[in-house]
Amino acid sequence: MTGRVEGKVAFITGAARGQGRSHAVRLAQEGADIIAIDVCKQLDRVPFPMPTPEDLATTADLVKAEGRRVVTAEVDVRDYAALKAAVDSGVEQLGRLDIIIANAGLANQGGQLVDLEEDLWEDMIGVNLGGVWKSVKAAVPHMIAAGRGGSIILTSSVGGLKAYPQVGHYVAAKHGVVGLMRTFAVELGQHMIRVNSVHPTHVNTDMLLNEGTFKLFRPDLENPGPKDLEPICQMFHTLPVPWVEPSDISNAVLYLASDESRYVTGVPLPIDAGSMLK
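Calculation rules
- Residues numbered from 1 in each chain as written.
- Predicted model: local features only at pLDDT ≥ 70, side-chain atom pairs only at ≥ 80, totals over all residues.
- Heavy atoms only, no water.
- Phe/Tyr/Trp six-rings, centres within 6.5 Å; stacked < 30°, edge-to-face > 60°.
- Helix = DSSP H or I, 4+ residues; strand = E, 2+ residues; numbered from the N terminus.
- Buried < 20%, exposed > 50% of the residue type's maximum accessible area, 1.4 Å probe, protein only.
- Lys NZ or Arg CZ within 6 Å of the ring centre and 35° of its normal.
- Expected span 1.5 Å × (residues − 1).
- Arc of directions from axis to C-beta.
- Contact = heavy atoms within 4.5 Å.
- Salt bridge = Lys/Arg side-chain N within 4 Å of Asp/Glu carboxyl O.
- Core = buried A, V, L, I, M, F, W, Y, C linked by side-chain atoms within 4.5 Å.

Enquirer: What is the right way to read the packing of aromatic side chains from this model?
Expert: Here the structure, examined in full by the defined rule, presents one aromatic pair. Ring geometry for tyrosine 164 and phenylalanine 236: centres 5.8 Å apart, planes at 55 degrees, overall tilted. Residue tyrosine 164 is located in the loop between strand E5 (150-155) and helix H5 (168-188), and its partner phenylalanine 236 is located in the loop between helix H7 (226-234) and helix H8 (246-257); the two are separated by 72 residues in the primary sequence. Its relative accessible area of 24% is what places tyrosine 164 among the partly exposed residues. By relative accessible area, which is 24% here, phenylalanine 236 ends up partly exposed. Sitting above the plane of the tyrosine 80 ring, lysine 137 keeps its charged end 5.4 Å from the centroid.

Here is the structure:
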């Protein structure tokens, strides 16, 4: 099956690499034009290298290679005015908006909630929760005005459905995304706009596979790497895999973006290798 989102336009945050890039390319393969944004700079207190302008340009090239149009902008999702300007410009250039994928997120240092530094909390909530709200707020008026309905997909996490120690700020933000999803679904249903969330487990991206994560989970080793992390991550799952691929999340996003799910709304969809069974 091809052309599942033919002629539609998708707005994707966090699109420079990882899951966001994968979503952009997958939707382009199925006929969508893309408005792709990312912060494209290193944020303080994020313990791994963040995307660069070159990463976002690579995403754009991959979309163009699929024969689709793309508009890019470097935007921090905490900046509502910049978000709105980017979306407005993208819609002006591409002519419409049908899909919103609020995917941008970060991971920073952890610790018990009672000991967590306030700035770590503020960064996490600002990007992973506030940024999701602002992304939808900036973009959805275009859908409402057009009167064609649409699909909104919010990236949460398995951590949005259950708790983990030492990352309570992340868990709180991702649980909050579920609240946003359900409320948006109720409020926007009258416009035939569907809102759902995806809940990945560990995903094979730079946010997981980096030196900080290796050392966090394997402090017993001097120079741990991906192979040392695999048995730890596999313990989280029912299926015998340590993590899933970005394409696995993109396939779920594509389903929720397409008319195949035209009456699916308000659903938190795990792509978790059975993590929720544990």
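Enquirer: Looking at this model, I keep getting lost on helix H2 (residues 53-65). Mind explaining?
Expert: The α-helix advances 3.6 residues per turn, and as a result positions three or four apart in sequence lie on the same side. With 13 residues, H2 should reach 18 Å at 1.5 Å per residue; the first-to-last C-alpha distance of 18 Å fits that figure. All of the buried residues along H2 are Asp55, Leu56, Thr59, Ala60 and Val63. When H2 is viewed along its axis, its buried side chains cluster within an angular range of 145 degrees and face the same direction. The exposed set on the far side of H2, more than 90 degrees from its buried face, consists of Glu54, Lys64 and Ala65. Buried-residue contacts for H2 involve helix H1 (18-29), strand E2 (33-38) and strand E3 (70-74). Where H2 ends, the next residue or the one after it, glycine 67, has phi of about 80 degrees, a positive value.

Enquirer: Would you explain the pattern of salt bridges in this entry?
Expert: Side chains carrying opposite charge are able to pair once their charged atoms draw close together. A full pass over the atoms with the stated rule returns 17 salt bridges. The closest approach of N and O atoms between arginine 68 and glutamate 6, which form a salt bridge, is 3.7 Å. Remark: glutamate 6 occurs in the segment before strand E1 (9-13) and arginine 68 occurs in the loop between H2 and E3; sequence separation between them is 62 residues. Of the charged contacts in the structure, one is a salt bridge between arginine 45 and aspartate 119, with a shortest N-O distance of 3.4 Å. On the criterion of sequence distance, the pair formed by arginine 45 in the loop between E2 and H2 and aspartate 119 in helix H4 (residues 118-146) is long-range, its members being 74 residues apart. A relative accessible area of 32% places arginine 45 in the partly exposed class. Under the relative-accessibility criterion, aspartate 119 is labelled partly exposed at 30%.

Enquirer: Can you help me understand the nonpolar core in this one?
Expert: Nonpolar side chains in soluble globular proteins generally cluster together in the buried interior. Judged by nonpolar contacts, the single largest core of 44 residues is most densely connected at Phe11, Leu97, Ile100, Val140, Ile152, Leu154 and Val195. When contributions to this core are tallied by element, the ones reaching two or more residues are E1, E2, helix H3 (80-94), strand E4 (99-102), H4, E5, H5 and strand E6 (193-200). Among residues more than four places away in sequence, those in contact with phenylalanine 11 are Ile35, Ile37, Leu83, Val87, Leu97, Ile99, Ile100, Ile101, Ser135 and Ala139. Of all hydrophobic cores here, the second largest spans 29 residues; its members include Ala10, Ile99, Val244 and Ile271.

Enquirer: Explanation requested: the environment of valine 267 in the structure shown.
Expert: Tracing the sequence through the fold places valine 267 in the loop between H8 and strand E7 (268-271). The partly exposed category is assigned to valine 267, whose relative accessible area is 31%. As for valine 267 and asparagine 196, which are separated by 71 residues in sequence, their C-alpha atoms are 5.0 Å apart. In this structure, valine 267 is in contact with Met181, Val195, Asn196 and Ser197, ignoring residues within four places of it in sequence.

Fair warning: the whole summary comes from geometry, so function is off the table for now.
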